[in-house]
2 protein chains.
Amino acid sequence: MKKRILTGDRPTGQLHLGHYVGSLKNRVELQNKHEQFVMIADAQALTDNYDHPEKVRSNIMEVLLDYLAIGIDPSKSTIFIQSQVPQLFELTFYLLNMVTYNRLKHNPTVKAEMQQKGMEDTVTAGFMIYPVSQAADITLFSAELVPVGADQAPILEQTNEIVRRFNSVYHTDVLKEAQPLFSDCPRLVGPDGKAKMSKSLGNAITFSASFKEIEETVKKMYTDPEHLRVQDPGKIEGNVVFMYLDAFDPDKIRVQELKEHYQRGGLGDMTIKRHLMQVLEELIGPIRERRHQFKQQTSMVVDVLHEGTLNAKKEGARKLDEIKEAMKISYRLQNLTPFFSV
Amino acid sequence: MKKRILTGDRPTGQLHLGHYVGSLKNRVELQNKHEQFVMIADAQALTDNYDHPEKVRSNIMEVLLDYLAIGIDPSKSTIFIQSQVPQLFELTFYLLNMVTYNRLKHNPTVKAEMQQKGMEDTVTAGFMIYPVSQAADITLFSAELVPVGADQAPILEQTNEIVRRFNSVYHTDVLKEAQPLFSDCPRLVGPDGKAKMSKSLGNAITFSASFKEIEETVKKMYTDPEHLRVQDPGKIEGNVVFMYLDAFDPDKIRVQELKEHYQRGGLGDMTIKRHLMQVLEELIGPIRERRHQFKQQTSMVVDVLHEGTLNAKKEGARKLDEIKEAMKISYRLQNLTPFFSV
């Protein structure tokens, strides 16, 4: 049976191969099996980029181009801008009453992010409450499945806690618990073998990367530092080139053969790097080309976003009405009289 | 010069004489000098009444009837329902990025209320952030003056801090600081001379109180416990009847004479209480009558609320556009193209 999925990205940069492995590839498949809402989370992005609104704004279109180029199909998936669905703000406000401040403080995902960003003392209220805003995203669209990385599982637990609390306080079942859909791919390591691939670390291969850019990134990739001569045996563990081949080369048998050859000795780093460059070009080349074409068709692309967002707004308005009915605060401006028994 | 005022009440019960002294009486005067927005703060009321939505809902109309009966004139004041202005939720979301969680925790008004309500450990996120929601109320309507009790001054300080932060982050002056308008009347003491007059303490004289109810409340009023015989001298200090006469008897000279007579001896408690009953009936009688009449005209009363709320929504939409323009996130669904330079 078709299920409703909510997924999306913060528009803080172009998407890249790290996103492809972790989520984008799945979405292209999921849209055929399920009903998928893909949210460009600009309002959420502002919680830690409030002082760089132009960054968030300009990347909405970049992310949209990435989606379309990768194969997210607007006839199957509803792509929309978060901030244009006003019901999300209102629902967030009501859900904030369903969670104690103490609980929010102890959300492991939020705690880790706060540490990472060094903002333990200066954390804004907006950032602290973003898990509640996510609960609003998930529940307003009645998502049953939410694709998450393992480190984001607490976010979904928080959402489901809020759902249970809400349903118990208002004696209803209007909000639905969501199940996580864990990605089977581990996080893509950066080309240097250390951090993850990330736009902010400057090590990302985007979907508009030229072959030359791919070459440059792969050339510098971390391999086996002790593999000095071609004829020497090389190590696979921690060797980024082979990690990328595992992630991106569709020919698993060939990858296995290359690994064995490398371990025996006689396979040079430059040879496997050339191979990886080809593999990545075969993946990115057509995406790059489609992205370029979509970029020429601004008005069509904007129409896609417009229509998706209208759909999301409609769904949001319908669901918020239902939620406010359950909360017994469903007085509506157009028709106040019957709601007040004076 | 006319200034914009924002004021209002949480609809958690009928209004009463305590509100009259502290704010309602002023509003009837202020609407002639200024441009007054009167907000029925249902969304804010839900932050600490989320589990009693029907209480909030039913009291919207009670408060509206109180307003009209007292003389708040819809042709001069804009009366509206907070939750029906969706821009307030959105602005709250953005303003949450302008304040640290640490700062919110140390808001004296919030701290005192948390203590009073015994919810230090169980305080909800919704309650914690209500000062930010108030900042959104005040700034969305560009209020220049906000009538407050002395204990609410920190709320306005918090708002103005947020305004300065916002204007500095976004290099704008789109948000305006507001000035407090302190009431010159002290808080009305309860009939027992101890707590304040409050619906929840069951000691309130509402605007629908019958003369019999006024009589009963005044009869039990705390006077001078040592004033046992009529001919004895009595004390004015802490004598609730005289406090109420100070607050409600328009004839200040007569009050002065009564005080002196009471202090000399020869003026019985029942006599001054009878006098106070008359004074209160002269105030409440006409209000009670008007309230009763409005209550018969549901559709007219609902129209007032409808029209006021439409005005507030229009003003809210206009101002939020201006604010988002300043935040550089003013892409609008109706016309996305020019906002994206792909």
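Fair warning: this is a prediction, and the values are worked out from it, not measured in the lab.

This part covers the relation of the copies chain A and chain B. Aligned on chain B, chain A shows an RMSD of 0.1 Å; the corresponding rotation is 180° and the shift along the axis is 0.0 Å. One copy is carried onto the other by what is essentially a two-fold rotation axis. Distance from the rotation axis, computed per C-alpha, reaches its smallest value in chain A at A:Phe89: 2.7 Å.

Right, let's talk about the domain arrangement of chain A for a bit. Residues and elements named next belong to chain A. According to the domain assignment, chain A contains domain 1 (4–188 + 298–339) and domain 2 (208–294). If you average the C-alpha positions of domain 1 and of domain 2, the two centres end up 35 Å apart. Opposite the ten residues of domain 1 that make contact, domain 2 presents six residues. Sort the elements by how many residues they give to the side of domain 1 that touches domain 2 and helix H3 (residues 53–70) lands first, with five residues. Among the residues making up the side of domain 1 that touches domain 2, the classes are represented as eight nonpolar, one polar and one charged.

Residues and elements named next belong to chain B. By the secondary structure assignment, glutamate 322 is in helix H14 (residues 298–326). For glutamate 322, a count of 15 C-beta atoms within 10 Å corresponds to the partly exposed category. In this structure, the C-alpha to C-alpha distance between glutamate 322 and methionine 1, residues 321 residues apart in sequence, is 23 Å.

Another aspect to go through is the packing of helix H4 (residues 87–95) of chain B against helix H8 (residues 130–140) of chain B. Residues and elements named next belong to chain B. At a closest axis distance of 8 Å, the pairing of H4 and H8 adopts a crossing angle of 120°. Considered as vectors, H4 and H8 are oriented oblique to each other. Considering only the axes of H4 and H8, their crossing is right-handed. Where H4 abuts H8, its residues Gln87, Leu88, Leu91, Thr92 and Leu95 lie against Val132, Ser133, Ala135, Ala136, Asp137 and Leu140. When the residues that make up the contact of H4 with H8 are grouped by side-chain class, the tally is seven nonpolar, three polar and one charged.

With that settled, consider the interface of chain A and chain B. Taken residue by residue, the interface counts 49 residues in chain A and 49 residues in chain B. Elements supplying a minimum of two residues to the side of chain A that touches chain B: helix H2 (42–49), H3, helix H4 (87–95), helix H5 (101–105), helix H7 (125–128) and helix H14 (298–326) of chain A. Top element by residues in the side of chain A that touches chain B is H14(A). It accounts for six residues. Here the side of chain A that touches chain B is composed, by residue class, of 27 nonpolar, 15 polar and seven charged.

What counts as what
- Residues numbered from 1 in each chain as written.
- Chains lettered and ligands numbered in written order.
- Predicted model: local features only at pLDDT ≥ 70, side-chain atom pairs only at ≥ 80, totals over all residues.
- Least-squares fit on C-alpha atoms with pLDDT ≥ 70 in both.
- Domains from an automatic or database assignment.
- Contact = placed C-beta atoms within 7 Å.
- Helix = DSSP H or I, 4+ residues; strand = E, 2+ residues; numbered from the N terminus.
- Nonpolar A, V, L, I, M, F, W, Y, C, P; charged D, E, K, R; others polar.
- Buried ≥ 20, exposed ≤ 12 C-beta atoms within 10 Å, placed from the backbone.
- Axes fitted to C-alpha atoms, helices over the stretch in contact; angles between N-to-C directions.
- Parallel < 35°, antiparallel > 145°, perpendicular 65-115°, else oblique.
- Left-handed = near helix turned anticlockwise from the far one by under 90°.

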